[in-house]
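# Survey of secondary and tertiary structure
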Amino acid sequence: MRVIVPLPGNEVFARDLSAAGGWELGAIETRRFPDGETYVRLRDDVTDKRVDLVCTLGAPDDGFLRLIFAADAARALGAREVTLIAPYLAYMRQDRRFQPGEAISSRSFARLISSSFDRLITVDPHLHRYPALSALYTIPAETLHAAPLLADWIADHVEMPLLIGPDEESEQWVSVIAERIGAPFTVLKKIRHGDRSVDIDLPDLGPWRDRQPVLADDIASSGRTLIDAARKLALQGFAKPVCAVVHGVFAEDSYERLQALSARIVSCDSIPHPSNAIGLAPLIASALASRHARAEALVRHRRPPEPLDEVERAGVDSFPASDPPPWTGG
Ligand code: R5P
């Protein structure tokens, strides 16, 4: 038995996932105590079930503790396996110490996730200097790819596309998309000067000027990569580009700025955003279903469910945690 449980903000994705796979949809209750600490309660019986916690990590710092608390609760309550379904996986880009003294947050984050979950499923994590998630994560981590979905969207919505990858790293996505839809592609060169400062070198793309440019990338974060590429295309007299990304973080005012330079912006629904046009739930559902078929061979990678201790069995601490303890009489 499998139950799909959304963390706050992931209800739509979890509903789509449970519908795609025909699995039970669970619920979680979470709130802040007056002192700012986090309360988490699983609303379903998870005993002996596979529990999939759905949590995009688009703004990871705010909800991270409740995610860990939910995973620990599921395990302690007897879940057979606890999987993190993170359509967008955070903390992948600080993958080395660029300046002396910096934290390599990708490693710390992976260690924390690996110590609370049995498995991780995600879509197109930003693997640049790491060859695979297994270089970071000590639990089985499955990487799914959205490029075919982006390709199908482009084939259905854009006539005469010219695929453009804004930097060398994007070649892996752009080349797959271009091949799938039989369109030409080119990859630009980017120099990053800072978090919000990039410079893109656009060669003369004159021979393709009659085509509709499509900028495709894995992630729009500060948006500066796509904004500068779109700006440079305009300088060469191209039509406004269509921008297609897997993960639309679109920090600060980047979406509005990019909109002014683009014909259309689309993203996958790995992070809820107005640009979402491509659903990832069927992709993840089919990965879960095929894994489910092999699941009997799996062993838990971490500790077994914890037995209820004497205090809990006696019901002494079963009062709602923000209410007065029963022994106060209040
Ligand atoms: C390259 O490193 C990535 O593929 C993206 O191009 C990059 O992360 C986008 O970042 P931003 O939107 O902040 O320019």
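Heads up: the structure comes first, above all this text.
Below or above, wherever it landed, is the structure these notes cover. (Residues numbered from 1 in each chain as written. Predicted model: local features only at pLDDT ≥ 70, side-chain atom pairs only at ≥ 80, totals over all residues. Heavy atoms only, no water.)

## Concerning the environment of R231
Within the secondary structure, R231 is located in helix α6 (residues 224-235). Along the backbone, R231 and L258 are 27 residues apart, and their C-alpha atoms lie at a distance of 9.2 Å. (Helix = DSSP H or I, 4+ residues; strand = E, 2+ residues; numbered from the N terminus.)

## Let's talk about the sheet that holds strand β5 (residues 50-54)
Remark on secondary structure: sheet strands pair via backbone hydrogen bonds, oriented parallel or antiparallel. With respect to topology, six strands assemble into an open sheet ordered β2-β1-β5-β6-β7-β8, the strand pairing being parallel. At either margin of the open sheet sits one strand with a lone partner, and together these are β2 (24-25) and β8 (141-144). The pairing of strand β1 (residues 2-6) with β2 spans two bridges and is parallel. Across the sheet, residue V3 finds its bridge partner in β2, namely E24. (Pairing = 2+ DSSP bridges.)

## Describing the site of the ligand
Around the ligand sit 15 residues in total, of which D217, D218, S221, S222 and T225 are the nearest. With respect to the ligand, the backbone of G223 contributes an N or O atom lying 2.7 Å from an oxygen atom. Expressed as a share of its isolated accessible area of 380 Å², the protein-covered part of the ligand is 95%. Elements that contribute at least two residues to the shell around the ligand include exactly β11 (189-194), β13 (212-220) and α6. When residues in the shell around the ligand are grouped by element, the largest group, four residues, is from β13. Residue composition of the shell around the ligand, grouped by class: two nonpolar, five polar and eight charged. (Near = heavy atom within 4 Å. Polar contact = N/O pair within 3.5 Å; in protein donor to acceptor, adjacent residues only side chain to side chain. Areas by Shrake-Rupley, 256 points an atom, 1.4 Å probe, with all protein chains shown as cover. Nonpolar A, V, L, I, M, F, W, Y, C, P; charged D, E, K, R; others polar.)

## A word on helix α3 (residues 105-114)
Residues S105, S106, F109, A110, I113 and S114 constitute the buried set of α3. Down the axis of α3, the buried side of the element spans an arc of 160°, and every buried residue falls inside it. (Buried < 20%, exposed > 50% of the residue type's maximum accessible area, 1.4 Å probe, protein only. Arc of directions from axis to C-beta.)

## Let's talk about the environment of A141
Checked against the element boundaries, A141 lands in strand β8. Contacts of A141, omitting those with residues within four sequence positions, involve L120 and L133. (Contact = heavy atoms within 4.5 Å.)

## Topic: the sheet that holds strand β10 (residues 185-187)
The strand order β10-β9-β13-β14-β15-β16 describes an open sheet built from six strands, whose pairing is parallel. Each of the sheet's edge strands pairs with one partner strand only, and the pair in question is β10 and β16 (276-278). Each strand axis lies, on average, 30° off the axis of its neighbour in the sheet, ignoring direction. Note: strand β14 (residues 242-248) against strand β15 (residues 264-268), four bridges, orientation parallel. Following the sheet pairing, V245 is matched in β15 by S267. In the packing of helix α4 (residues 147-157) onto the sheet, contacts are made with β9 (161-165), β13, β14, β15 and β16, and the angle to β14 comes to roughly 155°. Packing against the sheet, α6 makes contact with β9, β13 and β14, and its axis sits at approximately 165° to β13. (Axes fitted to C-alpha atoms, helices over the stretch in contact; angles between N-to-C directions.)

## Remarks on the packing of aromatic side chains
Under the defined criterion, the tally for this structure stands at four aromatic pairs. These aromatic residues form a ring-pair network of at least three members: F64, Y91 and F109. The ring of W23 carries the charged tip of R2 above its face, separated from the ring centre by 5.4 Å. Geometry around Y39 places R31 over its ring, the cationic atom sitting 4.3 Å from the centre. (Phe/Tyr/Trp six-rings, centres within 6.5 Å; stacked < 30°, edge-to-face > 60°. Lys NZ or Arg CZ within 6 Å of the ring centre and 35° of its normal.)

## A short note on unusual backbone geometry
We note that D48 has phi near 65°; this positive angle belongs to a residue other than glycine. Locating D48 in the fold gives a position in the loop between β4 (38-42) and β5.

## Some remarks on the pattern of salt bridges
Applying the stated criterion across every chain, the model contains 16 salt bridges. Across the salt bridge formed by R50 and E81, the nearest N and O atoms sit 3.9 Å from each other. With R50 in strand β5 and E81 in strand β6 (residues 81-86), this pair connects stretches of sequence that are 31 residues apart. E81 shares its class with R50; the two are buried. Measuring nitrogen to oxygen at the nearest pair gives 3.0 Å for the salt bridge that ties D228 to K232. Of this pair, D228 and K232 are both found in helix α6, four residues apart, which corresponds to roughly one turn of the helix. The class for K232 is buried, based on a relative accessible area of 16%. Sharing partners across several salt bridges, the network here consists of D199, D228, R231 and K232. (Salt bridge = Lys/Arg side-chain N within 4 Å of Asp/Glu carboxyl O.)

## Quick look at the packing of helix α2 (residues 60-76) against α3
Running from N to C, α2 and α3 cross one another at 25°; their axes reach a closest spacing of 11 Å. In terms of their interaxial angle, α2 and α3 are classed as roughly parallel. Touching P60, F64, L67 and I68 of α2 are F109, L112 and I113, all from α3. Of the residues contributing to the contact of α2 with α3, the split by class is seven nonpolar, no polar and no charged. (Parallel < 35°, antiparallel > 145°, perpendicular 65-115°, else oblique.)

## Quick look at the pairing of β9
The buried fraction of β9 is high, at five of five residues. Across the two faces of β9 the burial is the same, with P161, L163 and G165 and L162 and I164 all buried. By the bridge criterion, three bridges tie β9 to β10 in an arrangement that is parallel. Counterpart to G165 in the pairing with β10 is V187. Each parallel crossover has a hand, and the one from β9 via helix α5 (residues 171-181) to β10 is right-handed. (Right-handed = clockwise from strand over helix to strand, strands pointing away.)

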